[in-house]
Amino acid sequence: LILAGPELPAQHWCAMECYTWFAVGGRIEDVEVAIVGADAENIGAVVSAFDAFHVMYSLAGGNTAARRRLMVAVELVGVKRINATLRELMPRVKEAADRLGSVGSAS
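I will try to describe carefully the structure that is included in this document. Being a predicted model, the structure only gives us computed values, none of them experimental. (Residues numbered from 1 in each chain as written. Predicted model: local features only at pLDDT ≥ 70, side-chain atom pairs only at ≥ 80, totals over all residues. Heavy atoms only, no water.)

1. Details of the pattern of salt bridges
One pass over the structure, following the stated rule, counts three salt bridges. Salt-bridge contacts for Arg-27 lead to Asp-30; the nearest nitrogen and oxygen are separated by 3.1 Å. In this structure, Glu-32 engages Arg-99 in a salt bridge whose closest nitrogen and oxygen atoms are separated by 3.1 Å. Here Arg-99 lies in helix α5 (residues 90-99) and Glu-32 lies in the loop between α1 (12-23) and β2 (33-35), a separation of 67 residues in the sequence. (Salt bridge = Lys/Arg side-chain N within 4 Å of Asp/Glu carboxyl O. Helix = DSSP H or I, 4+ residues; strand = E, 2+ residues; numbered from the N terminus.)

2. Regarding a nonpolar patch on the surface
Residues Leu-1, Leu-3 and Val-36 make up a contiguous nonpolar surface patch of roughly 330 Å² in combined accessible area. Locating Leu-3 in the fold gives a position in strand β1 (residues 2-4). Given the relative accessible area of 52%, Leu-3 is considered exposed. (Patch = residues over 30% accessible without salt bridge, like charges linked within 9 Å, V, L, I, M, F, W, Y side chains within 5 Å. Areas by Shrake-Rupley, 256 points an atom, 1.4 Å probe, with all protein chains shown as cover. Buried < 20%, exposed > 50% of the residue type's maximum accessible area, 1.4 Å probe, protein only.)

3. Here's the deal with the side chain of Asn-42
Position of Asn-42 relative to the elements: it lies in helix α2 (residues 40-51). Here the side chain of Asn-42 touches Val-36 through a polar contact of 2.4 Å, landing on its backbone oxygen. Non-local contacts of Asn-42, meaning those with residues more than four positions away in its chain, are made with Pro-6, Ile-35, Val-36 and Gly-37. (Polar contact = N/O pair within 3.5 Å; in protein donor to acceptor, adjacent residues only side chain to side chain. Contact = heavy atoms within 4.5 Å.)

4. What about the packing of α1 against helix α4 (residues 79-87)?
The N-to-C vectors of α1 and α4 enclose an angle of 85°; their axes lie 9 Å apart at closest approach. Here α1 lies roughly perpendicular to α4, going by the angle between them. Residues Ala-15, Met-16, Cys-18, Tyr-19 and Phe-22 of α1 form the contact with α4, whose own contacting residues are Arg-81, Ile-82, Thr-85 and Leu-86. Its residues assigned to classes, the contact of α1 with α4 shows seven nonpolar, one polar and one charged. (Axes fitted to C-alpha atoms, helices over the stretch in contact; angles between N-to-C directions. Parallel < 35°, antiparallel > 145°, perpendicular 65-115°, else oblique. Nonpolar A, V, L, I, M, F, W, Y, C, P; charged D, E, K, R; others polar.)

5. Some remarks on the nonpolar core
One finds Ile-2, Val-33, Phe-50, Ile-82, Leu-86 and Leu-89 to be the most contacted residues of the largest nonpolar core, which totals 26 residues. Breaking this core down by element, the ones donating at least two residues are β1, α1, β2, α2, α3 (64-77), α4 and α5. With five residues, the top contributor of residues to this core is α1. Sequence-distant contacts of Ile-82, defined by excluding residues within four places in its chain, comprise Met-16, Tyr-19, Phe-53, Val-55, Val-74 and Val-77. (Core = buried A, V, L, I, M, F, W, Y, C linked by side-chain atoms within 4.5 Å.)

6. A closer look at the environment of Ala-66
Inspection of the secondary structure assignment puts Ala-66 in helix α3. A C-alpha to C-alpha distance of 9.3 Å links Ala-66 and Trp-13, two positions 53 residues apart in sequence.

Have a look at this one:
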């Protein structure tokens, strides 16, 4: 279960946790996305945030040691692989938006 708000893809830890789940054998068929905050503006923001995801724009937080560890993980895995993995979630994000009555601005 992914509780998705518009800031989730922008948080480096969250993006890496999603990547790691897939890397250890998680399947898209087993993913359920629930959008937090059901107003139309928030739903559109969540869909747009996932659609525009790029790991290099995500935020590693204020802890310098944690930021360094995350950047090493990105270097080891590769930007392209992390981005592709997070984009695999788009169909599930759109399904969640559809259940709430909106697909947002990104189609």
